[in-house]
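Structural overview
Given next are the chains, with one letter for each unit.
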Number of protein chains: 4
Amino acid sequence: MQLGLIGLGKMGFNMRSRLRDGGHEVIGFDPRPEVSDVASLEDLASALQAPRVVWVMVPSGPITDQTITELAGVLSEGDLVIDGGNSRYTEDKPHAELLAQKGIAFIDAGVSGGIWGLTEGYGLMVGGSDGDIARAMPIFDTLRPPGPVEDGFVHAGPVGAGHFAKMVHNGVEYALMTAYAEGYEMLAAEDLVKDPQAVYQAWTNGTVVRSWLQQLLAKALKEDPNLNEISGYTEDSGEGRWTVEEAIRLRVPVPGIAASLFARFLSRQDDSPTMKAVAALRNQFGGHAVKRVSESG
Amino acid sequence: MQLGLIGLGKMGFNMRSRLRDGGHEVIGFDPRPEVSDVASLEDLASALQAPRVVWVMVPSGPITDQTITELAGVLSEGDLVIDGGNSRYTEDKPHAELLAQKGIAFIDAGVSGGIWGLTEGYGLMVGGSDGDIARAMPIFDTLRPPGPVEDGFVHAGPVGAGHFAKMVHNGVEYALMTAYAEGYEMLAAEDLVKDPQAVYQAWTNGTVVRSWLQQLLAKALKEDPNLNEISGYTEDSGEGRWTVEEAIRLRVPVPGIAASLFARFLSRQDDSPTMKAVAALRNQFGGHAVKRVSESG
Amino acid sequence: MQLGLIGLGKMGFNMRSRLRDGGHEVIGFDPRPEVSDVASLEDLASALQAPRVVWVMVPSGPITDQTITELAGVLSEGDLVIDGGNSRYTEDKPHAELLAQKGIAFIDAGVSGGIWGLTEGYGLMVGGSDGDIARAMPIFDTLRPPGPVEDGFVHAGPVGAGHFAKMVHNGVEYALMTAYAEGYEMLAAEDLVKDPQAVYQAWTNGTVVRSWLQQLLAKALKEDPNLNEISGYTEDSGEGRWTVEEAIRLRVPVPGIAASLFARFLSRQDDSPTMKAVAALRNQFGGHAVKRVSESG
Amino acid sequence: MQLGLIGLGKMGFNMRSRLRDGGHEVIGFDPRPEVSDVASLEDLASALQAPRVVWVMVPSGPITDQTITELAGVLSEGDLVIDGGNSRYTEDKPHAELLAQKGIAFIDAGVSGGIWGLTEGYGLMVGGSDGDIARAMPIFDTLRPPGPVEDGFVHAGPVGAGHFAKMVHNGVEYALMTAYAEGYEMLAAEDLVKDPQAVYQAWTNGTVVRSWLQQLLAKALKEDPNLNEISGYTEDSGEGRWTVEEAIRLRVPVPGIAASLFARFLSRQDDSPTMKAVAALRNQFGGHAVKRVSESG
């Protein structure tokens, strides 16, 4: 079918390729002319036959807000907008309502798979009405991995449910990464273990802990066995923070996910103010030696 | 090749089957005559041709200690004992030294895969000398999953390294299970999400969080969508505790694994003494209402 | 000086007493006629001489919102409203702006001390302009504990800073309570220790861990040595949740405070969905025995 | 009474002063002649009248082991040894048994208070027999803070109970320090708060969180408002590690204490291997930018 696709970055670019390979007609728009098929959102709207389906794949927050607002201006009654970015699920209802004023339908779609989705397919979690989702199903069917539809795709609930599920997915992802990483640090710390990479490689098959992430860590360790080239400084993209915030709203204890989030915050601090205060306290009551800043390595 | 196999419980029984299917001659011993091939360890020793290879697959701790001590009595110089149970890695060196006094070699083997190992193969992490491991390799090759040897098998280092790697494997497993479980609780708590099982099913393909454990949780939720039949009371089998203890020895921060371990402890308490003390404190300073025991549901 | 005081609950009632003992003229309003000095907010406004100072001490959230909205109607230009409740600091600016439209000034005041404040004084953290705070200082001076003003009172910053400081205070309080409670559980679990209460009593003097909360726990344990009468079910009043949410906004890692908050959530669950999922997973891969619900004690 | 005191370091030196001020005859031994009253343990034994009481105040571990072994050689039946250092409680029973072979009694004494004990008195937690403790009571009475004996002193149980209680005390101390330090970091991160020190100063009186440690943090922040002079690198002296290990043995969940311990481990790492692995994983699946080591500031 025909699809407008806004945002041709790391994710959107690959998705256009996968959709075209799947026989769809994709007209992409991106502010960078070298990757864009049209010059503007207006051109995109003109190039698509009504009723249109437009997939938004831009950074969450203000840029998604602005894109959806502009789409409300250039699209028409009966069109359908799919937000496939990592928007917070609480933004979906306002976006849906804005578009509904013009008679435009809305689906929120959580998309997982990263750069591997191009070849392996993307895990999809979508929210919206049955009718809207049925309408976009040919697109979802091409994006999702081959195999039974329920493995790799879920209509999670009404508008918002797709991004909520994706948010939880990413929160879980944080905790999984921490789990494997803690295991790596222990293997690397113990002299008996000759080569942590070989252990991670062995875990890729037959073990209880095998997973796609686990394979990726084995691969990363093969490329850089002591991770010498990589700093522990780690960004977070929002979903981890949102997951803990929503857990608090829902009164769900999430010590594993929260620990993973806080570890990322900590990784970005040159020196931890918390630990400076702890060191200062030890100094006060115990006369314990503290490391003065001038002694820092 | 010929193998003596001591312990025909849930794991050993299946391993005997897989090894026999792989063409090995396995003589099994178990105190339960209905599953045992021989009547005693002495009979086992007599039935095997020297130099013998004997695999011990019994509960870790005193029973493994006793079995290895008895084997030191009935085996001969040049024989090889493999401890495939979940012994703490610190017990391996004493076991190896005990056997070495009789000229008997020792390998520690961490075995992962649970009841699925019978058909899919077992992930193996072994510790010992190159020569000893080469000698037992035909057995390892049959137990491990098919495919490249390095995916599913690792010679992790000298005696002790196999069980150390398996201990870390299980520590990581604890944290992975907690990660998926926290995600489940969040999905189940949010009204927007119609069916947490469907989300878990969708995660099995294409997503970043897909894994074998993740598939199992999808399967468990299919069988019992609200987990109504299962209590949260959860045992721990030792490796999780040991992992945190060894992390402390190695000064490795493991907040994710520790949180998972503590959650298990907590799941086995009728009421948390810690939280009783917190409630008592709130009552003291704030005159906050506390729930009296008589009000408990 | 003269003060209007709205809300004569556990805190407000005591504060009226302390202020009157300190020589102030306090006119209190409460919906319960048996404790109220006037019949309505209108009556309160009439009873006070302009320019008025009115202290609001009602539950945070909708009731505080409504009270401040109503005060905007009955007070006059030049009056001053102090919100002494546990409002989230983000609500202070909207409240200040609402009142400012009528020329009414606003101070946010975090008040700590619980039921003990009546006799010992209240710790105060306030936000607002220098002028407004100078104007209310006689009230603050009576409410705060005797001694140097900087011990027990702080002008933390502009509007919002008082409640922010109080929120952090309560977050820290959560973590302190957990720390003492974990220590109690360990002492109670170890057979060598004859009487955890005696240890807590001994800690009240000379030790590094001595504190007011620590004394209260010693007292609570004296009244009920095994805490048999108290359930671990523990409410949370909002500040703990807000502290973790604000920590996430500020990218501050707060593992201690978050662990305390999650422990409270958990204490209110009959059975943990997270642990049910962990138990279900163990059952899937290991054939581990799980506790069926029917077996629960 | 007369006391031999071995170890005149930071703690022992002050204790000698406090005991002498209290009217006791203290003969101190230390390898550093400039502070020692006698030249050797033999001289110490000769200088004391039998039956002797000797207080050992040396670093825990090998030095305490060696000191107690040597005392077993130079003391006589009927003498009493008190280990006031931070020995792990599991070492107390072996020490007691070693001395018992010579008819020498043993008490383990946990001593809290740091450099402030000299003037304020030391919090004492002791383990041993009623008779032995009665015998040493004059010493304990002088060391402990003035006031009721039960506030500042506890006979916690048989040999080992004193050091167990002290170990838990220090584990709690870790978590308290983290709680206050997290609060400091939040106050320092929020622009609304003008001066975190002033808030900490205000908390010293009237608030729920007031404590001795809290006062010390206010003092530390007064001396160095932004803690510019102090590195977050923080040692741990053993008790924190032991507390978590014993919690695991006792199956007591201690998320607060464990988080504090792990934070100290982390503070001593230049870059966290766990976070390097997390960053490597993000890079693998997402093509996320990672910070290369060469970019680190």
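Looking up chain A in an unreviewed UniProt entry gives the name 6-phosphogluconate dehydrogenase, with the organism given as Mycolicibacterium obuense. In UniProt, chain A has this text filed under Sequence similarities (unreviewed entry): "Belongs to the 6-phosphogluconate dehydrogenase family."

Moving on, we come to the overall build of chain A. The helix and strand tally for chain A stands at 12 helices and 7 strands. Here the C-alpha coordinates of chain A stretch approximately 75 × 45 × 40 Å along the principal axes. Here the analysis covers contacts within chain A between residues at least 6 apart in sequence; of these, 64% occur between residues at least 24 apart. Of the accessible surface of chain A, which amounts to about 10,000 Å², a share of 51% is contributed by carbon and sulfur atoms. Side-chain charges in chain A split into 25 positive and 39 negative, and the spacing between the mean points of these groups amounts to 4 Å.

Another point: the relation of the copies chain A and chain B. Placing chain A over chain B gives an RMSD of 0.1 Å and needs a rotation angle of 180°, together with 0.0 Å of translation along the axis. Such a combination of turn and shift is consistent with a two-fold rotation axis. Looking at the rotation axis and the C-alpha trace of chain A, the residue lying nearest is Ser-211 of chain A, at 2.0 Å. An overlap of 100% is found between the interface residues of chain A and their copies at the interface of chain B, pointing to a shared contact surface.

The residue after Ala-50 of chain C, namely Pro-51 of chain C, is reached through a cis peptide bond having omega -5°. Along the chain, Pro-51 of chain C turns up in the loop between α2 (41-47) and β3 (53-56). At Leu-227 of chain D, a residue that is not glycine, the phi angle is positive and equals roughly 50°. With respect to the helices and strands, Leu-227 of chain D occurs in the loop between α9 (212-223) and α10 (239-250). For Leu-227 of chain D, a relative accessible area of 0% puts it in the buried group.

A separate point is the side chain of Arg-18 of chain B. Residues and elements named next belong to chain B. You can see Arg-18 is positioned in helix α1 (residues 10-21). Among buried charged residues, Arg-18 stands out as having no salt bridge; its nearest opposite-charge side chain is Asp-21, 7.4 Å away. Discounting residues that sit within four places of it in the chain, Arg-18 has contacts with Gly-117, Leu-118, Thr-119, Glu-120, Gly-121, Tyr-122, Thr-142, Leu-143, Arg-144, Pro-145 and Pro-146.

Note on the copies: chain B fits chain D at an RMSD of 0.0 Å, the axial shift is 0.0 Å, and the rotation between them is 180°. Both copies present the same face, since 100% of the interface residues in chain B are matched by interface residues at the equivalent positions in chain D.

Moving on to the interface of chain A and chain B. Across the boundary between the two partners, chain A contributes 72 residues, which contact 72 residues of chain B. Across the chain A to chain B interface the summed buried area is about 5,700 Å²; carbon plus sulfur atoms make up 70%. Its largest share of buried area at the contact with chain B, chain A owes to Met-186, Leu-192 and Val-208 of chain A, together 13% of the area lost on that side. Of the charged contacts in the structure, one is a salt bridge between Arg-249 of chain A and Glu-190 of chain B, with a shortest N-O distance of 2.7 Å. For the pair chain A and chain B, the interface holds 26 residue pairs in polar contact (both at pLDDT 80 or more). Every element with two or more residues in the side of chain A that touches chain B is listed here: β6 (123-127), β7 (153-157), α7 (161-189), α8 (196-202), α9 (212-223), α10 (239-250) and α11 (255-267) of chain A. It is α7 of chain A that contributes the most residues to the side of chain A that touches chain B, 18 residues altogether. In terms of residue class, the side of chain A that touches chain B is made up of 43 nonpolar, 18 polar and 11 charged.

In this assembly, 20 residues from chain B lie in contact with 20 residues from chain D. Across the interface of chain B and chain D, roughly 1,700 Å² is buried in total on both sides, 75% from carbon and sulfur atoms. The three residues of chain B that bury the most area against chain D are Ile-248, Arg-251 and Phe-262 of chain B, which together make up 39% of that side's buried surface. The tally of links between chain B and chain D comes to 0 salt bridges. Inspection of the region where chain B meets chain D yields 0 residue pairs in polar contact (both at pLDDT 80 or more). Of all the secondary-structure elements, those providing two or more residues to the side of chain B that touches chain D are α10 (239-250), α11 (255-267) and α12 (273-286) of chain B. Looking at the side of chain B that touches chain D, the element that brings in the most residues is α11 of chain B, giving 6 residues. Each residue belonging to the side of chain B that touches chain D can be placed in one class, and the counts come to 14 nonpolar, 2 polar and 4 charged.

On to the sheet that holds strand β5 (residues 105-112) of chain A, then. All names here are of chain A. Reading across the sheet, the 7 strands line up as β2-β1-β3-β4-β5-β6-β7 and stay open at both edges, with mixed pairing between neighbours. Among the strands making up the open sheet, the edge pair consists of β2 (25-29) and β7. This sheet shows a mean twist of 25° between the axes of neighbouring strands, independent of strand direction. With 5 bridges joining them, strand β1 (residues 2-6) and β2 adopt parallel strand pairing.

Moving on: helix α4 (residues 92-100) of chain B. Residue and element names in this part refer to chain B. Those residues of α4 that sit buried are Asp-92, His-95, Ala-96 and Leu-99. The arc that holds every buried residue of α4, seen down its axis, measures 100°, which confines them to one face. Looking at the buried side of α4, the elements it contacts are α3 (62-74), β4 (80-83), β5 (105-112) and α7 (161-189).

Residue and element names in this part refer to chain A. Examined at the domain level, chain A breaks down into domain 1 (1-156) and domain 2 (165-266). Taking only C-alpha atoms, the centre of domain 1 and the centre of domain 2 are 30 Å apart. Opposite the 14 residues of domain 1 that make contact, domain 2 presents 11 residues. In this assembly, domain 1 packs against domain 2 so that about 1,100 Å² is buried in total across both faces, 59% of it on carbon and sulfur atoms. Our count for the contact surface shared by domain 1 and domain 2 stands at 2 salt bridges.

This part takes up the environment of Leu-221 of chain C. All names here are of chain C. Its location among the elements puts Leu-221 in helix α9 (residues 212-223). A sequence separation of 37 residues divides Leu-221 from Tyr-184, and the C-alpha atoms of the two residues are 9.6 Å apart. Among all residues touching Leu-221, those that are not within four sequence positions of it are Tyr-184, Gln-197, Tyr-200 and Leu-227.

Attention shifts here to the side chain of Thr-142 of chain D. Residue and element names in this part refer to chain D. Summarising the element assignment, Thr-142 is placed in helix α6 (residues 130-143). A relative accessible area of 15% means that Thr-142 is categorised as buried. Once you skip the residues sitting within four places of it in the chain, Thr-142 turns out to touch Arg-18, Leu-19, Gly-22 and His-24.

Take the pairing of β7 of chain A next. All names here are of chain A. Most of β7 sits inside the fold, with 5 of its 5 residues counted as buried. The pairing of β6 with β7 spans 4 bridges and is classified as parallel. Counterpart to Val-126 in the pairing with β7 is His-155. As for the winding sense of the linkage, the β-α-β connection from β6 through helix α6 (residues 130-143) to β7 is right-handed.

What follows is about the pattern of salt bridges. Per the stated rule, a full pass over the model turns up 52 salt bridges over all chains. Residue Arg-88 of chain B is joined to Glu-245 of chain B by a salt bridge in which the shortest nitrogen-to-oxygen separation is 2.7 Å. With Arg-88 of chain B in the loop between β4 and α4 and Glu-245 of chain B in helix α10, this residue pair connects regions lying 157 residues apart in the sequence. Glu-245 of chain B carries the same exposure label as Arg-88 of chain B, and that label is buried. Each of Arg-88, Glu-245, Glu-246 and Arg-249 of chain A together with Glu-190 of chain B takes part in salt bridges that share partners, so that together they form one network.

With 14 residues, helix α12 (residues 273-286) of chain C should reach 20 Å at 1.5 Å per residue; the first-to-last C-alpha distance of 20 Å fits that figure. For α12 of chain C, the tally of buried residues reaches 12 of 14 residues, placing the bulk of the element in the interior. Residues of α12 of chain C that are buried include every one of Thr-274, Met-275, Lys-276, Ala-277, Val-278, Ala-279, Ala-280, Leu-281, Arg-282, Gln-284, Phe-285 and Gly-286 of chain C, and no others. Contacts made by the buried residues of α12 of chain C are with α1, α7, α9 (212-223) and α11 of chain B.

Residue and element names in this part refer to chain D. The sheet built from 7 strands is open, its strands ordered β2-β1-β3-β4-β5-β6-β7 with mixed pairing. The sheet is open, and its two borders are formed by β2 (25-29) and β7 (153-157), each paired with just one other strand. Sheet twist, expressed as the mean angle between neighbouring strand axes with direction ignored, is 25°. Sitting on the sheet, helix α1 (residues 10-21) is in contact with β1 (2-6), β2, β3 (53-56) and β5 (105-112), with an inclination near 165° to β2.

For the rest of this paragraph, the subject is the pairing of strand β4 (residues 80-83) of chain D. All names here are of chain D. Here β4 shows two buried faces, one formed by Leu-80 and Ile-82 and the other by Val-81 and Asp-83. Here β3 pairs with β4 via 4 bridges, running parallel. Bridged to Val-56 within β4 is Asp-83. A crossover links β3 with its parallel partner β4, the connecting element being helix α3 (residues 62-74), and its sense is right-handed. Of the pairings in the sheet, the one linking β4 to β5 comprises 4 bridges and is parallel in character. Within β5, the position partnered with Ile-82 by the bridge is Ile-107. As a crossover connection, the stretch from β4 through helix α4 (residues 92-100) into β5 is right-handed.

The rules behind each value
Residues numbered from 1 in each chain as written. Chains lettered and ligands numbered in written order. Predicted model: local features only at pLDDT ≥ 70, side-chain atom pairs only at ≥ 80, totals over all residues. Heavy atoms only, no water. UniProt positions renumbered as here; feature names shortened; annotations may be inferred. Helix = DSSP H or I, 4+ residues; strand = E, 2+ residues; numbered from the N terminus. Contact = heavy atoms within 4.5 Å. Areas by Shrake-Rupley, 256 points an atom, 1.4 Å probe, with all protein chains shown as cover. Lys, Arg positive; Asp, Glu negative; His and termini not counted. Charge placed at Lys NZ, Arg CZ, Asp CG, Glu CD. Least-squares fit on C-alpha atoms with pLDDT ≥ 70 in both. Buried < 20%, exposed > 50% of the residue type's maximum accessible area, 1.4 Å probe, protein only. Salt bridge = Lys/Arg side-chain N within 4 Å of Asp/Glu carboxyl O. Buried area = accessible area lost by both parts, 1.4 Å probe. Polar contact = N/O pair within 3.5 Å; in protein donor to acceptor, adjacent residues only side chain to side chain. Nonpolar A, V, L, I, M, F, W, Y, C, P; charged D, E, K, R; others polar. Pairing = 2+ DSSP bridges. Axes fitted to C-alpha atoms, helices over the stretch in contact; angles between N-to-C directions. Arc of directions from axis to C-beta. Domains from an automatic or database assignment. Right-handed = clockwise from strand over helix to strand, strands pointing away. Expected span 1.5 Å × (residues − 1).

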